[in-house]
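A closer look at the structure
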Amino acid sequence: MEQTLSIIKPDAVKKGVIGKIIDRFESNGLRIAAMKKIQLDDAKAGGFYAEHKERPFFGDLVAFMTSGPVVVMVLEGDNAIAKNRDLMGATNPKEAKEGTIRADFAESIDANAVHGSDSAQSAQREIKYFFSDNEVL
């Protein structure tokens, strides 16, 4: 059973579409193994996106991710990483296919509603960043 990390970002939380996004995951065969709503601070958001630290958008990304609460989840199922990425749609919501989460709920390439792990290695690292072993059930 493959696992992936999903984050419902501050823009989608503020819009009140958490339940609609979770329904997309569950309706498409992904099970929630862990979930919590948290407020990221600069250190936690900066650590999560550390690979982008030298990029010009890093400061704006951290500011956005700390602008309101997020919902972090561990999703699991067959091909969970690929399935989640298909459900999310393209990073730029203007390029996302109709019916994807980003096409339906995202505002811009920056405020794009959700994050999902891009590989098995990233999923493992990202899940451990937010959840202890005893929180993933």
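Structure first, text after, so check above.
Presented here is a report on the structure given in the accompanying data block.

**Brief notes about the overall build of the chain**
What the chain contains, in helices and strands, is seven helices and four strands. In sequence order, the chain lays out its α and β elements as β-α-α-β-α-α-β-α-α-β-α. The C-alpha radius of gyration of the chain comes to 14 Å, within 12% of the 14 Å expected for a compact globule of 137 residues. A principal-axis box enclosing the C-alpha atoms of the chain has dimensions of 35 × 35 × 25 Å. Look at the contacts in the chain between residues 6 or more apart in sequence, and 78% of them connect residues 24 or more apart. Summed over all atoms, the accessible surface of the chain reaches about 7,200 Å², with 48% contributed by carbon and sulfur.

**A word on the layout of surface pockets**
Here the largest pocket defines a volume of roughly 650 Å³. Forming the walls of the largest pocket are 24 residues, and the residues nearest its centre are K9, Y49, H52, L61 and T91. For the lining of the largest pocket, the elements supplying multiple residues, two or more each, are helix 4 (58-65), helix 5 (80-88), strand 4 (114-116) and helix 7 (120-130). A class-by-class count of the residues in the lining of the largest pocket yields seven nonpolar, seven polar and 10 charged.

**Regarding helix 5**
Those residues of helix 5 lying buried are A80, I81, N84, L87 and M88. All buried residues of helix 5 project into a common sector of 130° when viewed along the axis, lining one side. Those residues of helix 5 hidden inside the fold are in contact with strand 1 (2-8), helix 2 (18-27), strand 3 (70-77), helix 6 (101-105), strand 4 and helix 7. G89 sits one or two positions beyond helix 5 and adopts a positive phi of about 90°.

**Observations regarding the sheet that holds strand 2 (residues 31-38)**
The four strands lie next to each other as 2-3-1-4, forming an open sheet whose pairing is antiparallel. Only two strands of the sheet have a single partner each, and these edge strands are strand 2 and strand 4. Going from strand to strand, the sheet's axes swing by 15° on average, the running direction of each strand aside. Of the pairings in the sheet, the one linking strand 1 to strand 3 comprises seven bridges and is antiparallel in character. Within strand 3, the residue paired with L5 across the bridge is V74. Of the strands in this sheet, strand 1, strand 2, strand 3 and strand 4 touch helix 7, which is tilted by about 55° from strand 1.

**Points about the pattern of salt bridges**
This structure, assessed with the given rule, holds six salt bridges. A salt bridge links R125 to E51; the nearest nitrogen and oxygen atoms lie 3.4 Å apart. Of this pair, R125 sits in helix 7 while E51 sits in the loop between helix 3 (42-48) and helix 4, and the two are 74 residues apart along the sequence. Relative accessible area serves as the criterion here: at 57%, E51 is assigned to the exposed category. Here D133 and K128 are joined by a salt bridge, their closest N and O atoms 3.5 Å apart. Taking relative accessible area as the criterion, D133 reaches 61% and is therefore assigned exposed. When its relative accessible area of 51% is taken as the criterion, K128 is described as exposed.

Criteria and cut-off values
- Residues numbered from 1 in each chain as written.
- Predicted model: local features only at pLDDT ≥ 70, side-chain atom pairs only at ≥ 80, totals over all residues.
- Heavy atoms only, no water.
- Helix = DSSP H or I, 4+ residues; strand = E, 2+ residues; numbered from the N terminus.
- Rg over C-alpha atoms; globule rule 2.2 N^0.38 Å.
- Contact = heavy atoms within 4.5 Å.
- Areas by Shrake-Rupley, 256 points an atom, 1.4 Å probe, with all protein chains shown as cover.
- 1 Å grid on protein atoms, 1.4 Å probe; cavity = no way out; pocket = protein on both sides within 12 Å on 5 of 7 lines; lining within 4 Å.
- Points joined across faces, edges and corners; volume = space filled by probe spheres on them.
- Nonpolar A, V, L, I, M, F, W, Y, C, P; charged D, E, K, R; others polar.
- Buried < 20%, exposed > 50% of the residue type's maximum accessible area, 1.4 Å probe, protein only.
- Arc of directions from axis to C-beta.
- Pairing = 2+ DSSP bridges.
- Axes fitted to C-alpha atoms, helices over the stretch in contact; angles between N-to-C directions.
- Salt bridge = Lys/Arg side-chain N within 4 Å of Asp/Glu carboxyl O.

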